[in-house]
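# A look at the structure
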Amino acid sequence: MIADEACRECSRNKINIYTRLYKAPKQREQEIIGRAERYLDEEAVGLSAPRMMAGLLKILKEETGIKDPYEKIKKDYDLLLLGMEEKIRGNILRSEDPFTAALQYAIIGNYIDFGAFSEIDEAKLIELLDSYDEIDLDLKETEYLREELGRAGRMLYITDNAGEIVLDKICIGILKELYPKLEVTVLVRGIPVLNDATLEDAELIGLDQIAGVISNGTDIPGTEYDQISEEARACMDSSDLCIAKGQGNFESLRECGKNIYYLFLCKCDLFVERFQVERLTPVLRNELRM
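Numbers given to residues run from 1 along each chain, matching the order in which its sequence is written. Owing to the predicted nature of the model, reporting of local features is limited to residues with pLDDT of at least 70; listing and counting of side-chain atom pairs is limited to 80 or more, with chain, interface and lining totals taken over all residues. Only heavy atoms go into the side-chain values, all of them from the structure, while hydrogens and water stay out.

### Topic: the environment of Gly 248
Helix and strand assignments come from DSSP, with helices taken as H or I runs of at least 4 residues and strands as E runs of at least 2, each series counted from the N terminus. Relative to the elements of secondary structure, Gly 248 occurs in helix α12 (residues 247–253). Between the C-alpha atoms of Gly 248 and Glu 224, which are 24 residues apart in sequence, the distance is 9.7 Å. By definition, residues are in contact when any of their heavy atoms lie within 4.5 Å. Those residues in contact with Gly 248, other than ones at most four positions away along the chain, are Pro 50, Pro 221, Gly 222 and Thr 223.

What follows is the structure, encoded as structure tokens:
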């Protein structure tokens, strides 16, 4: 899906924020900003928003030598949510419908997005987690997903952010209990980008202990089918269905024609307008029925 002009302007507006985040030398700051703006104007045309962002951040990495400015943030949120894992899992198991509850918690995790937000309000995150049962998911799509999982042999679960990945782990664990014949593979980012989850995050939280975890091989904050590794493409092709978390995965996989269930919170004006909902509204949609 080619980026909307609003995505380009949003990226342009964030250049100064990212320049500071990557600690660009003061004496070269304007030069670096100029290079980033030229990239958006000349090279990023026709790209999806995630691929456009990957190119922008690559420039900052090259100019500053900083590979992962979100390293501490990612670990902090991984550990924060890991400390809640037992309580959340208990809440799900005690709920009337553990399947829906697991999805509700998983979608709340999508709030932890430093690509969409400059800062995360931890109090807001806790508030969302405490009121997980008030999350309204599309009933028809929820039932479609429930039925398809009952028939499926293989599922690919495509993650988004660190911290959020703990809630994905809990959700996957519940799904494996509900569907014991289901083989689950998890796809994470191949190279650090924004606060997206990588193999390091998956190993830190023990996700690799309950499912196979593979890297997509790229630094794109999404899943570009023609850019990800051969292993990742083969896994996607051989899966009966996929669950893809986050706006970035939606933007990069939309119109791919595969059986993908997108699960995310609407966090920017473009998505609010596209789905005609309020900000932070949960979305569960299937690629083949959109």
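And the narrative resumes.
### Let's talk about the environment of Ser 215
The topology assignment puts Ser 215 in strand β3 (residues 212–215). Only protein chains enter the accessibility calculation, which uses a 1.4 Å probe. A residue is then buried if its area is under 20% of the maximum for its type, exposed if over 50%, and partly exposed in between. Taking the relative accessible area as the measure of exposure, Ser 215 reaches 19% and is therefore buried. Residues contacting Ser 215, with those up to four places away along its chain left out, are Leu 187, Val 188, Arg 189, Gly 190, Leu 199, Ser 229 and Ala 232. Any N or O atom pair separated by 3.5 Å or less is treated as a polar contact, with the protein-specific requirement of one donor-capable and one acceptor-capable atom, and with residues adjacent in sequence counted only for side-chain atom pairs. A polar side-chain atom of Ser 215 sits 2.9 Å from the main-chain amide nitrogen of Gly 217.

### Observations concerning the sheet that holds strand β4 (residues 241–245)
Reading across from one edge, β3-β2-β1-β4-β5-β6 is the order of the 6 strands in this open sheet, with mixed pairing throughout. Edge strands, defined here as strands with exactly one partner in the open sheet, are β3 and β6 (282–286). Ignoring strand direction, the axes of neighbouring strands in this sheet form an average angle of 20°. Pairs of strands are assigned from DSSP output, requiring at least two bridges between the strands. Inspection of the sheet shows strand β1 (residues 154–158) paired to β4 by 4 bridges, in the parallel sense. Residue pairing in the sheet places Ile 158 in a bridge with Ala 244 of β4. Taken strand by strand, helix α6 (residues 98–108) contacts β1, β4, β5 (260–265) and β6, and its axis lies near 55° from that of β5. Interaxial angle, 0 to 180 degrees, is taken between N-to-C directions of lines fitted to C-alpha atoms, where a helix line uses only the stretch in contact.

### Quick notes on the packing of helix α4 (residues 71–82) against helix α9 (residues 164–178)
Running from N to C, α4 and α9 cross one another at 40°; their axes reach a closest spacing of 7 Å. By the criterion of interaxial angle, the relationship of α4 to α9 is oblique. In contact with Asp 78, Leu 81 and Leu 82 of α4, α9 contributes Ile 165, Val 166, Leu 167 and Lys 169. Taken together, the residues of the contact of α4 with α9 break down into 5 nonpolar, no polar and 2 charged. Roughly parallel refers to an angle under 35 degrees, roughly antiparallel to one over 145, roughly perpendicular to one between 65 and 115, and oblique to any angle outside these ranges. Classes in brief: Ala, Val, Leu, Ile, Met, Phe, Trp, Tyr, Cys and Pro nonpolar; Asp, Glu, Lys and Arg charged; the others, Gly included, polar.

### Structural notes on the packing of helix α1 (residues 5–21) against helix α3 (residues 49–64)
Where α1 contacts α3, the axes come no closer than 11 Å and their chain directions differ by 25°. The pairing of α1 with α3 is recorded here as roughly parallel in orientation. α3 is crossed by α1, and the crossing has right-handed handedness. Side by side, α1 and α3 meet where Cys 7, Arg 8, Ser 11, Ile 15, Tyr 18 and Thr 19 of the first sit next to Ala 49, Met 52, Met 53, Leu 56, Leu 57 and Leu 60 of the second. In terms of residue class, the contact of α1 with α3 is built from 9 nonpolar, 2 polar and 1 charged. Definitions for this section: a left-handed crossing has its near helix turned counterclockwise from the far helix by less than a right angle. A right-handed crossing has that turn clockwise.

### Concerning the pattern of salt bridges
Put simply, a salt bridge is a Lys or Arg side-chain nitrogen that is within 4 Å of an Asp or Glu carboxyl oxygen. Applying the stated criterion across every chain yields a total of 25 salt bridges. The residue Lys 72 makes a salt bridge to Asp 76 at a minimum N-O spacing of 2.8 Å. With Lys 72 and Asp 76 both in helix α4 and 4 residues apart, the pair spans about one turn of that helix. Linking Asp 97 and Arg 146 is a salt bridge whose minimum nitrogen-to-oxygen distance equals 2.9 Å. Here the residue Asp 97 occupies a position in the loop between α5 (85–94) and α6, and Arg 146 occupies one in helix α8 (residues 139–151), the gap between them amounting to 49 residues. When salt bridges that share partners are traced, they join Arg 28, Glu 31, Arg 35, Glu 62 and Glu 63 into one network.

### A few points about a negative patch on the surface
Side chains of Glu 71, Glu 200, Glu 203 and Asp 208 sit close together on the surface and give a patch of like negative charge. Relative to the assigned elements, Asp 208 resides in the loop between α10 (199–204) and β3. Note on Asp 208: relative accessible area 33%, which makes it partly exposed. Note that patches include only residues with greater than 30% relative accessible area and no salt bridge, and the join distances are 9 Å for like charges and 5 Å for nonpolar side chains (Val, Leu, Ile, Met, Phe, Trp, Tyr). Using a 1.4 Å probe, the Shrake-Rupley method yields the accessible areas, and only the shown protein chains count as cover for residues. We score Asp and Glu as negative and Lys and Arg as positive, and we do not count His or the chain ends. For this purpose, a charge sits on NZ of Lys, CZ of Arg, CG of Asp or CD of Glu.

### Section: the packing of aromatic side chains
Any pair of Phe, Tyr and Trp rings, taking the six-membered ring for Trp, is counted once the centres come within 6.5 Å. Such a pair is stacked with planes under 30 degrees apart, edge-to-face with planes over 60 apart, and tilted for the rest. Per the counting criterion, the structure on display carries 12 aromatic pairs. Seen in terms of ring centroids, Tyr 111 and Phe 117 are 5.5 Å apart; in terms of plane orientation they differ by 50°. Their pairing is tilted. With respect to class, Tyr 111 is no different from Phe 117; both count as buried. Aromatic rings pair up to connect Phe 250, Tyr 262, Phe 264, Phe 271 and Phe 275 into one cluster. Looking at Arg 274, its charged tip hangs above the ring of Phe 271, at a distance of 4.8 Å from the centre. Working rule: Lys NZ or Arg CZ, within 6 Å of ring centre, within 35 degrees of ring normal, means a charge sits over the ring.

### Considering the nonpolar core
Residue types Ala, Val, Leu, Ile, Met, Phe, Trp, Tyr and Cys, when buried and joined through side-chain atoms within 4.5 Å, form a set referred to as a nonpolar core. Grouped together as the largest cluster of nonpolar side chains are 77 residues, with contacts concentrated most on Leu 81, Leu 129, Leu 149, Met 155, Tyr 157 and Val 186. Not counting residues up to four positions away in its chain, the partners in contact with Met 155 are Leu 149, Leu 175, Leu 182, Glu 183, Val 184, Thr 185, Ser 239, Leu 241 and Ile 243. Counting 20 residues, the second largest nonpolar core, distinct from the first, contains Ile 158, Met 236, Cys 242 and Phe 271.

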